[in-house]
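Topology and contacts: notes
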Amino acid sequence: MNITRRDFLKLAGVAGVRVAAAGAPASALASVEEFEGNPNRYGVLVDTTLCIGHNCRRCEFACAKENELPTPDKPPEDASVFDNRRRTHADQFTVVNRFPGKSPDAPIYAKKQCMHCDEPACASACLVGAFSKSETGAVEYDASVCIGCRYCMVACPFEIPTYEYDSALHPRVRKCTFCLESRLKEHKPPACVEACPREVMTFGKREDLVKVARQKIARHPDLYVDHIYGEHEAGGTSWMYLSKVPFDEIGFRTDVGKRPYPELTRNYLSAAPLVMAIWPTFFLSVYLFTKRKEQLAKEENGSGNNNHEKEHA
Amino acid sequence: MAVPTQLTPNAPAHDFVRDKIFLGRTPREYFLSLLTPGHAIAAIIILVGLYVSFERFTKGMGAISNLTDANPWGIWIGIDVLCGVALAAGGFITGVIFHLFGMKEYRPLVRPAILTGFLGYALVVFGLMYDLGRPWRLPYPMVWSWGTSSVMFEVGWCVALYLFCQFIEFWPPLLEWLGAKKLRAMAVRLTLGATVMAVVLSTLHQSSLGALFLLMPAKLHPLWYSMYLPVFFLISAVSGGIGMIIFESTLSHRYFKLQTQHMSHRDLDNLTLGLAKGGAMVLYMYFWLKIIGVAHEHQWSLLWDGWGMWWWTEVIGFILAPAFLFLFAVRRHNAFYARVAAVWTVLGLILNRLNVSVITLNYNATERYVPHWKEVAVTVMIITIGVLIFKFIVNRMPILVAHPDYAADEH
């Protein structure tokens, strides 16, 4: 059967994300439970302590250019862009937000984009399998099968996917692509990373980035809280963050938990075949039991009439 | 005359349209008979709905809704889909009571409930035409793009198959109306299988609709998020379905006097009180399940703020209270109280679905959703169309009244 690895991942859905580990697994179950993801998948480490935000936002502009999106409304020097907390939209895949730091003259800036989960909630939510975790690390979206139910948007714990509500006939879900087609497949960093003048973002293999992050925290315990956001959040994400202050103070959800989101519905889904197997037998038994009682009652009355039974045969 | 003219069997072929569609009148007489205040209101609702639909399919759903990136689901999911499916549960419930449990006295309620269920689900699919970004792709998850890890996939498949099941269950009255005796006899033989399938599929998709929200542990208020959501949705669909059977049969008895005259008020009262017993039991069980949900997650401390009060409002005010009223109605042998409790239960179900899908979802977000009037216009139009189709069919097919040719039959 001619089936590429990527097709297989799509087909097998969530379980597939974990299957297909390198090396021969001891059993089918072991392969599902123990697969840690592609060891070479890429990630980005964002060090929010380095971001200058105001008068920059070059990541936003680079992203718009790379993905052929409209140029962000407000120019880099316009500080009013930070007055409201922004989120991603169909025409903007990444946004920089400002948060009050420890002192008023030292605000903290944090860039927001798709976290590229190792086991994405959007992929487990999608009824047509439009989302898949690429072996490069990117979470891909295939607009050609999307029916537009927007369950992915409701499910995403990071509130990332957006929708083209103003398109009557061809609305798509839109989100950061990790520059998969234009860059990542050629092992190049995404446009935003390359555009950053302060090297806020480090591109590399996720495994290595976790080590880099740990070293940074160990060397400068005064500069960082002891937490790599994304290392374990929602089962781990390809994009990870370092911060000087607790993450809930710079707009990150700290209530997403460490469990991969697909696990939240896995048990429920596995109950469905049981219902399909047990319910017909159970209810037909009830039916036969009722029929038998009726028949016995009839025989007792001495009026054995078979017409009704024929209707139900 | 007990039976309306359109039910007269074996009409000559050239009278088919006049007989079957125009209720035995000339077209002119028929259209004049449609000029009633009720139809005028319905016409206005549908005209507004058509205008909004035009906007939807030319400018996109952004033009007619308050749906945003932060609030991707609104009342089209909350009311049209979640309430629509749950309140159409009466179809499978009467199927179980009548065909499987053998409670033959409920026969007069079976066909109306199946018709309500069938129409309910058909309208859910119709409503999805507005909420889905590309509704013409609805067959995709059925045909070649399978997202097997998705609860929504299960919902989609079960609803599609169930719609088919209900269609089969709807064949007997349809074929009786058309006078196709042989086909009808064949269709009747499928009823038992369809009923069993209906139970299986209903169990699956009613609970799946609750399971959809298992993916939102951080967004849904913890008092409404529970690992038991699938069970809550299934059980409350049963109570809501029972409520709807009572509500619908009450209205039918009132507004379709010709078709329901064979059934005395006392007979209907007895059936209503029988259902009330079931309603009381199911609601009481549902109440304890909701308590277990809180106990299981140790969320007692959440019950005393504003959201906690809102939770009590739902659980005491719209689950336990109608349960007691049902019980009171049975004790007093008073069908009126049972009918009040039925409407109360239905309102409670609507409240619950809106709580889960709209009101407490994103409870901690800055941007909250309030429906646009055009979203409401679409929903009201869909319900109106449902009522009109129900009326059209009931006036023609043997739904509330048994067809004279098959009166002695058990279906």
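The structure under discussion appears in the preceding block.
Residues numbered from 1 in each chain as written. Chains lettered and ligands numbered in written order. Predicted model: local features only at pLDDT ≥ 70, side-chain atom pairs only at ≥ 80, totals over all residues.

**Some points on the overall build of chain B**
Convention followed: Numbering of helices and strands runs from the N terminus; a helix is a DSSP stretch of H or I covering at least four residues, while a strand is a stretch of E covering at least two. This radius of gyration counts C-alpha atoms alone. The globule rule is 2.2 Å times how many residues there are, raised to the power 0.38. Residue burial here comes from a neighbour count, namely the number of other C-beta atoms, placed from the backbone, that lie within 10 Å of the residue's own C-beta, with 20 or more meaning buried, 12 or fewer meaning exposed, and in between meaning partly exposed.
In terms of regular secondary structure, chain B is built from 16 helices and zero strands. The C-alpha atoms of chain B give a radius of gyration of 22 Å, which matches the 22 Å a tight globule of 411 residues would have. Expressed along its principal axes, the backbone C-alpha trace of chain B runs to roughly 70 × 55 × 45 Å. Counting every position in chain B, which comprises 411 residues, the buried fraction comes to 49%.

**Examining the overall build of chain A**
Looking only at helices and strands, chain A features nine helices and nine strands. Counting all 313 residues of chain A, 42% fall into the buried class.

**A word on the interface of chain B and chain A**
Interface size, as often reported, equals the accessible area lost upon joining of the parts. Let me state the cut-off plainly: Any pair of residues counts as being in contact when their C-beta atoms, constructed from backbone geometry, are within 7 Å of one another.
In this complex, chain B contributes 48 residues to the contact, which on the side of chain A involves 53 residues. When residues of the side of chain B that touches chain A are traced back to their parent elements, those giving at least two are helix H3 (37-59), helix H7 (140-143), helix H8 (151-178) and helix H10 (191-211) of chain B. Among the elements that take part in the side of chain B that touches chain A, H10 of chain B stands out by supplying seven residues, more than any other.

**So, unusual backbone geometry**
All names here are of chain A. Not every positive phi belongs to a glycine, and Glu 159 is a case in point at roughly 55°. By secondary structure assignment, the location of Glu 159 is in the loop between helix H5 (151-155) and strand S6 (162-163). Of note, the phi angle at Ala 234 is positive, near 50°, even though the residue is not glycine.

**Some thoughts on helix H15 (residues 335-359) of chain B**
The line we're drawing: The span expected for a helix works out to 1.5 Å for each residue beyond the first.
Given a rise of 1.5 Å per residue, 25 residues ought to cover 36 Å, and the 33 Å separating the end C-alpha atoms of H15 of chain B matches this to within 8%. H15 of chain B sits mainly inside the fold: 18 of its 25 residues count as buried.

**Focus on the sheet that holds strand S8 (residues 201-205) of chain A**
Residues and elements named next belong to chain A. For clarity, the threshold we go by: Being paired, for any two strands, means DSSP has found at least two bridges between them. Structural elements are reduced to axes, namely lines fitted to C-alpha atoms, with helices fitted over the stretch in contact, and the angle between N-to-C directions of any two is expressed from 0 to 180 degrees.
The strand order S8-S1-S9 describes an open sheet built from three strands, whose pairing is mixed. One side of each edge strand has no neighbouring strand; the edge strands of this open sheet are S8 and strand S9 (239-242). Averaged over all adjacent pairs, the angle separating strand axes in this sheet is 20°, with direction ignored. Bridging between strand S1 (residues 42-47) and S9 involves four bridges; their strand directions are parallel. The partner of Asp 47 across the bridge, within S9, is Leu 242. Against the sheet, helix H7 (residues 206-219) touches S1, S8 and S9, its axis set at about 135° to S8.

Purely geometric numbers; function is a separate question.
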